[in-house]
Structure formats: C-alpha cells, structure tokens
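Take a look at the letters that make up each chain.
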Amino acid sequence: MNYYLGLLLFFVSLGIAGIIIYLFIFYKRSKKLQQILSLEFKQEYRSYLQNTAHYKTLTAEDKQKIEQSILLFVHTKEFIGIGLDVTDEMKIIIAFYACLLLLKKNTNNCYENLQTIIIYPNAVAFEKVVQNGGVYTKEKFLIDGQAANDTVIIIWHDAKQEAYHLRHNNVIVHEFAHEIDFMDGVVDGIPPLERSRYDEWARTLYSDYKKLHNIAFKNREWGKYKLFGPYAATNEAEFFAVATERFFQSPKSLQKHFPQLYKELKDFYGIDTVKLLV
C-alpha cells in the first residue's frame, strides 16, 4: 500500500469514527430528552404557575407546550443556590418566564447553550475597577440579575415579587431577553431575525433608544420615555431587555406610547401581550 493511499484511508476512518461518535451522542441526547418529556407535570407545578398573570390566560395548547419546555429546561440546566436552597418553585417560575419568551418559536428545548442558573436571595454587591484620568479605583455596585452566554444570575426576592405581582419590571424576563440577544453572537439589542425584518427592527429600536439616551443625558423632559427609565439608556442591549420587560409586563402602556416598538416586539415574540393580559 503506498503512502498516499494509507493516508487517505486513515482520514476516511477518522471521519467515519467521528460520525459514529456524533450519532451515538445524538442518540443518547435524544433518548434523554424523550425521557424528560415523558415525565408528569405535577399539579404542584401548575399551582405555582396559576399565581402568575401570564399562565392563566394561555390557551390549552400553549399551556401544554410551555409545560414541556419547562420540564426540559428544569432537567437540562444546573440550578445553584447561593445563600439559599433551590426549591421546585424557583425552578418552575424561572423556567416559565424564560420559556414564555420563546413560546411561539419552533423549539421546546429553550436556551440550549445555557448551562447554569445561579440564584441569590437578595441583590448582590460586586466590586469592579474603574479608571478615571489614569487613576484606578475599586467601586462596589449592586446587581439585580445578570446574563452571560451560558449562565444567568437571578435575585429570587425580586423575581418572586415580580412573577406574582404584575408590575413594570421582571428580572427573569430581562435576563432572558439578554440570552436571546446573545443567540446571534452579538449583544446589540437585535435578536436573531429574518433578514427581511432587520432594517425595520433596527430603525425602530435605535430611534427610540437614541431619543431615550439623549433625554437621560439631560435628565429632563422625560415624558413618555419615563416608561423605560434611565437604566434602559445604558446601551442598545439594555434597551431591548427593558423594552421586552415592558412588552410582557406593561403591554398596554407600551402599545399606547410606542406603537411601532410594540408591533416589532409582537411580531418577533409572536405573542399579542395586550390580549394575553386581558
């Protein structure tokens, strides 16, 4: 056997081995997902969801779909409690609001790249180094939640209050809006979109963001932009996350004051939240 033929056979064998390993992993993963989907969705879980404003008005079909998504989410992510014990209530409520954002997308397995949810009882203080004119100082800042590509931090005190009592804010919705923003690899306030919708989305979102940013810089004449608050003026990604909160939590106000932005969010999420919260 000559050298080149042997080399060719080696790479062919390597390729075949890679395909076999991939198929084996795919089979095991598919089998695990099917086992999860065969689990019972306990009535105890539904009792938590019945206390939220969003679950009660879902159609029977949507309830069935989101319950499957919740089971997959809870059994494929690691939940870590810092200073508390993680309960089923925490898992179910976090999974519900996370999966609600993707309810109308063609997936049951929400946030496949997400691995870990870290839950703190209350807001967490972190230190960061700040540079000002060549001088470096350490400053403490509080976070109510945080998202990276494979990890989300949730503050349970806020999350629980916002899940059971409808108000402008919802830390779970906010952080998982960031996770959706991550899905195209760029954190810029533009989630994965069909190419035909990109320009209109960018034009609408950036227009409202720039106006808010200018108002926040001057800190006067907030008018209707008070609905978003100063934090949404941080950057385009935070504006998208806050706008998503308002879309799910205060849809009537958002539709009234920002009808085009409401329409873009409704088209993206596939949910008319004004009707959902009637």
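Residues numbered from 1 in each chain as written. Predicted model: local features only at pLDDT ≥ 70, side-chain atom pairs only at ≥ 80, totals over all residues. Heavy atoms only, no water.

**Notes on the overall build of the protein**
- Along the backbone of the protein there are eleven helices and six strands.
- Classification of the 278 residues of the protein by burial places 42% in the buried group.
- For the protein, the share of sequence-separated contacts (at least 6 apart) that also reach a separation of at least 24 residues comes to 66%.
- As presented, the protein carries roughly 15,600 Å² of accessible surface, and 54% of it is formed by carbon and sulfur atoms. (Helix = DSSP H or I, 4+ residues; strand = E, 2+ residues; numbered from the N terminus. Buried < 20%, exposed > 50% of the residue type's maximum accessible area, 1.4 Å probe, protein only. Contact = heavy atoms within 4.5 Å. Areas by Shrake-Rupley, 256 points an atom, 1.4 Å probe, with all protein chains shown as cover.)

**Focus: the layout of surface pockets**
- Taken as a whole, the largest pocket holds about 660 Å³ of empty space.
- Taken together, 28 residues line the largest pocket, and the ones lying closest to its centre are Gly 145, His 174, Glu 175, Tyr 231 and Glu 238.
- Partitioning the lining of the largest pocket into residue classes produces 13 nonpolar, seven polar and eight charged.
- Every residue lining the second largest pocket is counted, 19 residues in all, and those nearest its centre are Leu 102, Lys 105, Thr 107, Met 183 and Pro 192.
- When residues of the lining of the second largest pocket are traced back to their parent elements, those giving at least two are α6 (171-182) and α10 (259-269).
- Within the lining of the second largest pocket, the residues separate by chemical class into nine nonpolar, four polar and six charged. (1 Å grid on protein atoms, 1.4 Å probe; cavity = no way out; pocket = protein on both sides within 12 Å on 5 of 7 lines; lining within 4 Å. Points joined across faces, edges and corners; volume = space filled by probe spheres on them. Nonpolar A, V, L, I, M, F, W, Y, C, P; charged D, E, K, R; others polar.)

**Points about the side chain of Arg 246**
- Summarising the element assignment, Arg 246 is placed in helix α8 (residues 236-249).
- Lacking a salt bridge, the buried Arg 246 has Glu 245 as its closest oppositely charged neighbour, with an N-O distance of 4.2 Å.
- Here Asn 169 takes part through its side chain, which lies 3.3 Å from a polar atom of the side chain of Arg 246.
- Within the structure, Arg 246 has its side chain in polar contact with the backbone oxygen of Leu 227 (distance 2.7 Å).
- Setting aside residues no more than four positions away along its own chain, Arg 246 makes contact with His 168, Asn 169, Leu 227, Phe 228, Pro 251 and Leu 254. (Lys, Arg positive; Asp, Glu negative; His and termini not counted. Salt bridge = Lys/Arg side-chain N within 4 Å of Asp/Glu carboxyl O. Polar contact = N/O pair within 3.5 Å; in protein donor to acceptor, adjacent residues only side chain to side chain.)

**Looking at the packing of α8 against α10**
- With their axes 11 Å apart at the nearest point, α8 and α10 run at an angle of 85° to one another. In terms of their interaxial angle, α8 and α10 are classed as roughly perpendicular. Packed against α8, whose contacting residues are Phe 239, Phe 240, Ala 243, Thr 244, Phe 247 and Phe 248, the element α10 presents Leu 261, Tyr 262, Leu 265, Lys 266 and Tyr 269 at the interface.
- For the contact of α8 with α10, a count of residues per class yields nine nonpolar, one polar and one charged. (Axes fitted to C-alpha atoms, helices over the stretch in contact; angles between N-to-C directions. Parallel < 35°, antiparallel > 145°, perpendicular 65-115°, else oblique.)

**Quick word on unusual backbone geometry**
- Phi is positive for Tyr 111, which is not a glycine, with a value near 55°.
- Note on placement: Tyr 111 falls in the loop between α4 (88-100) and β2 (116-120).
- According to the relative accessible area criterion, Tyr 111 is buried, its value standing at 4%.
- Phi at Glu 221 takes a positive value of approximately 55°, unusual for a residue other than glycine.
- Inspection of the secondary structure assignment puts Glu 221 in the loop between α7 (195-218) and α8.
- Its relative accessible area of 69% is what places Glu 221 among the exposed residues.

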